[in-house]
Amino acid sequence: MTEKVSKEYATLLLAFIAGISLNGSFNALFDSVIAFSIFPLIALGFSIYCLHQRYVTQPMPEGTPMLAFSCFLLGLFLYSAIIRAEYAGMGSNFLLTIICVALVFWIGYKLKITTRHKVVKQMD
């Protein structure tokens, strides 16, 4: 039973890394303030490849696609919030920070719901 939970967390982590690296790649290619680096592009390629392999080889538990998408969005918004905090000339990061906090709480709520249901099913 713990194997399914660890697979779910791996998918969520890969989606989070894909979101961060997508935003990092976009900023590295198109933003003059951020220095160019090839590493976000490499991380994006590897994370998308691993997510695709995981999708093809293993079935996703119920509710995982929505959690993976929210982790992807969390990665996108979190990278933008950090970059805007570092480079204040790019604008405010208040709205991005609020969205990130809301996504973290929603993901935590959904993960606790799924683990609570698994514990109840094991006890029956």
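Per an unreviewed UniProt entry, the protein goes by YijD family membrane protein and derives from Limnobaculum xujianqingii.

Caption draft 1: Here's a closer look at the overall build of the protein. Helices and strands together make up the secondary structure of the protein, namely 4 helices and 0 strands. Going from the N terminus to the C terminus, the protein shows its helices and strands as α-α-α-α. Across the 124 residues that make up the protein, the buried fraction comes to 29%. Relative to all contacts within the protein whose residues are 6 or more apart in sequence, the contacts with residues 24 or more apart total 72%. Per element, the accessible surface of the protein, about 8,300 Å² overall, is 72% carbon and sulfur.

Caption draft 2: The arrangement of helix α2 (residues 39-57) in detail. Here α2 contains 19 residues, and its C-alpha end-to-end distance of 27 Å stays within 8% of the 27 Å for a straight helix at 1.5 Å per residue. Regarding α2, the residues found buried are P40, L44, S47 and L51. Buried positions in α2, seen along its axis, are confined to an arc of 75° and lie on one side of it. Away from its buried face, by an angle of more than 90 degrees, α2 presents the exposed residues F39, F46, Y49, V56 and T57.

Procedures and definitions
- Residues numbered from 1 in each chain as written.
- Predicted model: local features only at pLDDT ≥ 70, side-chain atom pairs only at ≥ 80, totals over all residues.
- Heavy atoms only, no water.
- Helix = DSSP H or I, 4+ residues; strand = E, 2+ residues; numbered from the N terminus.
- Buried < 20%, exposed > 50% of the residue type's maximum accessible area, 1.4 Å probe, protein only.
- Contact = heavy atoms within 4.5 Å.
- Areas by Shrake-Rupley, 256 points an atom, 1.4 Å probe, with all protein chains shown as cover.
- Expected span 1.5 Å × (residues − 1).
- Arc of directions from axis to C-beta.

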